[in-house]
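Working through the structure, step by step
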Amino acid sequence: MPFHVLLEGMGTGPQIPAHLTRISISLITTSTDLTNKVVKGKVVQKGPLVSLAPDNFILKTVIQEEDSELNASSQNLSINVVLFGELAKNFSQGVNQEDMVVAAGFTMSKSPTVRKDNLHPFNLLLSGDDACIYVFRPKPPPDDRSLLANRRSSTLSAEVSRKTKVPKYTYVRLGDLTAGSVVNVYGVVVFFKQPFKSRGTDSCSILKITDQSNQNITCSIFCEKLEDHPKIFQIGDIVRMHRVKAQFFKDSISLVNTFGFSVVTFDGTVGGAMEPRTSSRSFHFNQEDRQTVEELRSWASSQALFPTVSAAIHLSAVQPKSYFDLNCQLLAKAPIDSTCILLRVWDGTRCPHTLLKVNVEPNVTEGPSSFSKEKENIIANVFVYDNHLDCARKLKLGSFLRIYNLRANPGHSNVPGLTSSHSVDHLAFHLHGGTSYGRGIQVLPEDSLDVQELKRVLEAFPHDDMNEPFDLNDSALLEVWSTPPELLERGDSPDMPLMTLSELKQCELSRVHHVRAQLRSYEPRRLHQALKLYCSKCTSMQEIPDEELVAGIFSEASSDYEPCNAPPWALLSAFLTDSPVSPDRALTLLLPRQLMSDVKTKGLIFLMGTTLEETYRLAASYQNIVPVRSSGREITLLDLSAPFLFRGRKRHYGCKQCSETVLRDPSAEGVKVIDEKVVAEVLGVQLLQCVLLMKLELQDATDTLEVFLWTHAESFFGVSAEDAAANQEAQNSIRQTMESLCPPGGSMDQHPWLDLFLTAYQTKDDVGQNQTCYQICQTTLIKPPPQNRTPTPPEPPPPPSPGSEITSAG
DNA sequence: GGTTAGGGTTTG
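On a predicted model such as this, the values are computed, not experimentally measured, just so you know. (Residues numbered from 1 in each chain as written. Chains lettered and ligands numbered in written order. Predicted model: local features only at pLDDT ≥ 70, side-chain atom pairs only at ≥ 80, totals over all residues. Heavy atoms only, no water.)

Notes on the overall build of chain A
Per the secondary structure count, chain A includes 16 helices and 42 strands. Across the 810 residues in chain A, those meeting the buried criterion constitute 49%. Sequence separation of at least 24 residues holds for 65% of the intrachain contacts in chain A that already meet a minimum separation of 6. Carbon and sulfur atoms provide 51% of the accessible area of chain A, an area that totals close to 38,800 Å². (Helix = DSSP H or I, 4+ residues; strand = E, 2+ residues; numbered from the N terminus. Buried < 20%, exposed > 50% of the residue type's maximum accessible area, 1.4 Å probe, protein only. Contact = heavy atoms within 4.5 Å. Areas by Shrake-Rupley, 256 points an atom, 1.4 Å probe, with all protein chains shown as cover.)

Here's what the structure looks like:
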């Protein structure tokens, strides 16, 4: 196991092996011997778990060394740690910000982000069997074993807890309940019902719990608000309830909540994360509680209390006539009649039985009224009846659900809304009325394991029109990129009529259309991934080369030095560096004679023998730097994966395919101003243009639509791609724009409505099939939308108003 | 300061 939790001050449990010795993070250099070394630090930043492929993850975190006696200096105490695979997953689940961790079995790499984040110049990499993380859990303070825990962080300082009056809770075993007493209990859930409306004022949850005393106790929980009910997702979950009253009913003891009731739920998996599920703003949770949960987990796992196979299955395993639970994503919904609503869901797997097709009027469907043929084949139609309608109506499109006790019904049944006859083995799914067998629907939290698994499977499905914004499909973008730009003509007039997204999809191509829509999601979420290099000659698009790759080209070129001759038009000036890394390296300046007079402000130098880092630093002092290398006594440009020109903070790249480089005098032929175009032309470089490329998902009342933002991206944002590549302010401006159009974590109500012009055009996919693509054009952000505005969606869309926040530049 | 429900498949 590469992941251990250590309890501070506890003599039992996993320990850090004695042969490992700790070194200070500040002492890590390339020459450090890492054998049997560990580092220790506090988690000061914890990145998200990123899925690279099914069962392959990556996670980045920053740890900071705190104890000063070990630090050789106060420099470089914070370091990026990159975790891979299972370890990344365990870390994501088991470690919180502020936790103290020890890392062992790591390797090092140069940090490509050192200039940006100012952290340690190296990264620690943790992958493979040798990699290991130990997490320290603080021991409770001796004078008060109770800690006040906040929802997100598991501990608070002892000082705070001393100031706060903390009640001490005692818990009664389920075998020791006496009628009439108000108690606190722990239990493992062996049965539960979703909250349903009672005849009184509240909703009612029914659960049955058990513990080591082997009593099964039925609990009735009445709460007005749904969020105050126990958040139970599956049998085996562990609940802790405060202030429940024991009473006799039908010869046995049962529990009912009483005044001051609160409940916290934990996952029941042995070794699972201790993430509490509760609506309480603060609750008490100490070491004893942790231990109680662990004990219940391990006791339950030894008891065969419930079926070993979960009731939740994938669509691919559904048997006709069976009842099952389904984890799925909601794609669309439509009311059928006063007792029934249709939910269209998928889990990314294909049911072996043909699924029933349902025809519903497009204008009553919420979400897309149809999907690609391939996607339609794996979408399940779920009919939801009676008491579940309330819940179904509130569900948001795109949310992840668990539907309990779904029935797979073969055949036709006289379902309203069906327009044609269906053969008997077509499966439809019914969530029948009533609450028997826990029937109901629950929205799964985004961070749950079930949702993580669903997302992995759904990401693997070929990208269609409604995937979540995780699956940046670069090859799809590339295809579009290769579309000749002349297909994208300008529109005729800015006051053309508005149309809905679903009308747009029926329209002829190569015209400009005017729509009003909200931005539902966009890709890529990281701005640097939206920056690409475009060759106007061969119309290819490429990624901006990786920092480490470029550094490698520089270091290879400088280590490969051989004496060479200066061309007649230049002066060669070589000297030895005093760099501590490689003190005897020759650093060579090649100065074009005609540009020497004012080389710093308007001139150009050729530079040989520098590292990438040194080139950056020199670029601050020289207007134009062209890195060169020696090659068989000749001087040549570097490989074109590296920038061929540094101009201040900007770097310029050339197209490998279209360039025929040659070293020539840039000052020839009376050139007055030296810029990247002049230099590229003289050196035979086909200049690559820095561009922005994003994929946006628009939504209106009728449909959703994916559109690209590229040739008009710069005018849309009012920021040049080149600036976005070179300076932080430009990047911030784009980020703020996107966040105002698509507020992170906000509901769709908070997304402003946008007036946009779109062009439609065709391109070919992998197999030569025509596909229609859309692109935003002629649209400019005219003022930054204020935060937290909640415009009402127009339905049908009204004509464009001068007050709209985004409008056409016309 | 406390009614509601008190598990055990719709009938589409």
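There is more to say after this.
Thoughts on the nonpolar core
By size, the foremost hydrophobic cluster in this structure holds 41 residues, and its most contacted members are L519, L692, L696 and F717. Leave out the neighbours within four places in its chain, and L519 touches L696, E697, L698, M738, L741, C742, M748, H751 and L754. Grouped together as the second largest cluster of nonpolar side chains are 34 residues, V185, I217, C223 and V451 included. (Core = buried A, V, L, I, M, F, W, Y, C linked by side-chain atoms within 4.5 Å.)

Description of the packing of helix α11 (residues 547–559) against helix α12 (residues 612–619)
Contact geometry for α11 and α12: axes closest at 8 Å, N-to-C directions at 95 degrees. For the element pair α11 / α12, the angle class is roughly perpendicular. Residues E547, V550, A551 and F554 of α11 touch α12, and the partners they reach there are L612, T615 and Y616. Of the residues in the contact of α11 with α12, the class split is five nonpolar, one polar and one charged. (Axes fitted to C-alpha atoms, helices over the stretch in contact; angles between N-to-C directions. Parallel < 35°, antiparallel > 145°, perpendicular 65-115°, else oblique. Nonpolar A, V, L, I, M, F, W, Y, C, P; charged D, E, K, R; others polar.)

Details of the protein's contact with DNA strand B
Near DNA strand B there are 30 residues, and of these T201, F259, D386, N405 and R439 occur at the shortest range. When atoms of DNA strand B within 4 Å of the protein are sorted by moiety, sugar and phosphate together comprise 30%. Residue G433 places a main-chain N or O atom 2.9 Å away from a base oxygen belonging to DNA strand B. Listed by contribution, the elements that provide at least two residues to the surface near DNA strand B are β14 (203–210), β15 (217–223), β16 (238–249), β17 (252–266) and β22 (400–410). (Near = heavy atom within 4 Å. Polar contact = N/O pair within 3.5 Å; in protein donor to acceptor, adjacent residues only side chain to side chain.)

Here we look at the pattern of salt bridges
Counted under the stated rule, the structure contains 20 salt bridges. The closest approach of N and O atoms between R173 and D211, which form a salt bridge, is 3.9 Å. You can see R173 sitting in the loop between α3 (158–163) and β12 (182–192) and its partner D211 sitting in the loop between β14 and β15, a full 38 residues away along the chain. By relative accessible area, D211 is classed as buried at 2%. For E697, the salt bridge is made with R520, and the minimal N-O distance between the two is 3.2 Å. Of this pair, E697 sits in strand β37 (residues 694–699) while R520 is found in strand β26 (residues 512–523), placing the two residues 177 residues apart along the sequence. (Salt bridge = Lys/Arg side-chain N within 4 Å of Asp/Glu carboxyl O.)

Here's the deal with the side chain of S659
Tracing the backbone through its elements, the reader meets S659 in the loop between β35 (650–652) and α13 (676–682). Polar contacts involving the side chain of S659 include one to the main-chain carbonyl oxygen of C655, which spans 2.6 Å. Within the local environment of S659, its side chain forms a polar contact with the backbone nitrogen of Q686, the two atoms lying 2.8 Å apart. Ignoring sequence-local partners within four residues, the contact set of S659 consists of L640, G654, G684, V685 and Q686.

Side note on unusual backbone geometry
The bulk of non-glycine residues show a negative phi, and the bulk of peptide bonds are trans. Backbone torsion omega between E523 and P524 reads -10 degrees, so that peptide bond is classified as cis. Looking at the secondary structure, you find P524 in the loop between β26 and α10 (527–530).

Description of the packing of aromatic side chains
Per the stated rule, a full pass over the model turns up nine aromatic pairs. Residues W346 and F461 carry aromatic rings whose centres are separated by 5.3 Å and whose planes lie at 85 degrees to one another, so their mutual orientation is edge-to-face. Pair noted here: W346 is in strand β20 (residues 340–346) and F461 is in the loop between α7 (449–460) and α8 (474–481), with a separation of 115 residues, a long-range link. Each residue in the set F554, Y616 and F646 is aromatic and connected to the rest through ring pairs, giving one cluster. (Phe/Tyr/Trp six-rings, centres within 6.5 Å; stacked < 30°, edge-to-face > 60°.)

Concerning the sheet that holds strand β27 (residues 531–534)
Strand order across the open sheet formed by three strands is β28-β27-β36, with antiparallel pairing between neighbours. Strands with a single pairing partner mark the edges of an open sheet, and in this sheet they are β28 (541–543) and β36 (689–692). Between one strand and the next, the sheet's axes are offset by a mean angle of 45 degrees, whatever the strand orientation. Sheet topology note: the β27/β28 ladder contains three bridges and is antiparallel. Residue pairing in the sheet places L533 in a bridge with Q542 of β28. (Pairing = 2+ DSSP bridges.)

A closer look at helix α1 (residues 85–94)
Along an α-helix, residues three or four positions apart point the same way, because every turn accommodates 3.6 residues. Counting buried residues in α1 gives eight out of 10 residues, a clear majority hidden from the surface. Of all the residues in α1, the buried ones are G85, L87, A88, K89, N90, F91, S92 and G94.

Focus on helix α4 (residues 287–301)
Its 15 residues give α4 an end-to-end C-alpha distance of 21 Å, which sits within 8% of 21 Å, the value for a rise of 1.5 Å per residue. Along α4, the residues that are buried comprise Q287, D289, R290, V293, L296, R297, W299 and A300. Structurally, the start of α4 carries an N-cap: the backbone nitrogen of E288 is 3.0 Å from a side-chain oxygen of N286. (Expected span 1.5 Å × (residues − 1).)

What to know about the pairing of strand β31 (residues 605–608)
Side chains I605 and L607 project from β31 onto one buried face, and the interleaved F606 and M608 project onto a second face that is buried too. Pairing between strand β30 (residues 586–592) and β31: three bridges, direction antiparallel. Within the sheet, the bridge partner assigned to T588 lies in β31 and is M608. Here β31 pairs with strand β32 (residues 625–631) via four bridges, running parallel. From the neighbouring strand, F606 faces β32, where its bridge partner is V626. In this fold, β31 hands off to α12, which returns the chain to β32; that crossover is right-handed. (Right-handed = clockwise from strand over helix to strand, strands pointing away.)

Regarding the environment of E543
Summarising the element assignment, E543 is placed in strand β28. Of the polar contacts made by the side chain of E543, one reaches the side chain of K532; its length is 2.9 Å.

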